[in-house]
Amino acid sequence: MAGQARSLKQRTATLTVLPPCDLCKMESPLSIPQTARYDAPIAGNGWAYLCLYHYIAYAVGRGTKLIAESGAVEREIVSARQRLAEEGA
Ligand SMILES: [Zn+2]
């Protein structure tokens, strides 16, 4: 029973930067795509990065939930500021 409960749990992957949604890019190539929240299988198309909207609408399997590494964005801002400071010096 415990093993079954574990297998039903959503798989997750922690990334430094979340990728853009593949279906947003396909549907409106000229717009800025939503941030992908899942890497999941879609019908006839293998796997794709999906925003929450496209995951609910198109995912045919549970897939992997993508989680932004906590503090990743803040660290990038800090290092960008450090680069600017060094270049300005
Ligand atoms: Zn999307």
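Residues numbered from 1 in each chain as written. Predicted model: local features only at pLDDT ≥ 70, side-chain atom pairs only at ≥ 80, totals over all residues.

Student: What is the right way to look at the overall build of the protein in this model?
Tutor: Along the backbone of the protein there are four helices and four strands. When burial is assessed residue by residue, the protein has 18% of its 89 residues classed as buried. Looking at the protein alone, contacts between residues at least 24 apart form 50% of all its contacts between residues at least 6 apart. (Helix = DSSP H or I, 4+ residues; strand = E, 2+ residues; numbered from the N terminus. Buried ≥ 20, exposed ≤ 12 C-beta atoms within 10 Å, placed from the backbone. Contact = placed C-beta atoms within 7 Å.)

Student: Looking at this structure, how should I read the sheet that holds strand β1 (residues 11-15)?
Tutor: Two modes of strand pairing occur in sheets, parallel and antiparallel, and in both the strands are linked by backbone hydrogen bonds. Strand order in this open sheet of four strands is β1-β4-β2-β3, and the pairing throughout is mixed. Because the sheet does not close on itself, it has two edges, and the strands there are β1 and β3 (47-50). With direction set aside, neighbouring strand axes in the sheet form an average angle of 25°. One ladder, built from five bridges, connects β1 with strand β4 (residues 64-68); its direction is parallel. For T14, the partnering residue across the bridge sits in β4 and is I67. (Pairing = 2+ DSSP bridges. Axes fitted to C-alpha atoms, helices over the stretch in contact; angles between N-to-C directions.)

Student: Is there a simple way to explain the nonpolar core in this structure?
Tutor: Soluble globular proteins tend to bury their nonpolar side chains together. Membership of the largest hydrophobic core is limited to eleven residues, which are C21, L23, C24, A36, Y38, A40, A48, Y49, L50, C51 and Y55. Here the element with the most residues in this core is β3; it accounts for three residues. Excluding anything up to four places from it in sequence, Y38 contacts L50, Y55, A59, G63, T64, K65 and L66. (Core = buried A, V, L, I, M, F, W, Y, C linked by C-beta atoms within 7 Å.)

By themselves, these observations are geometric and do not establish any function.
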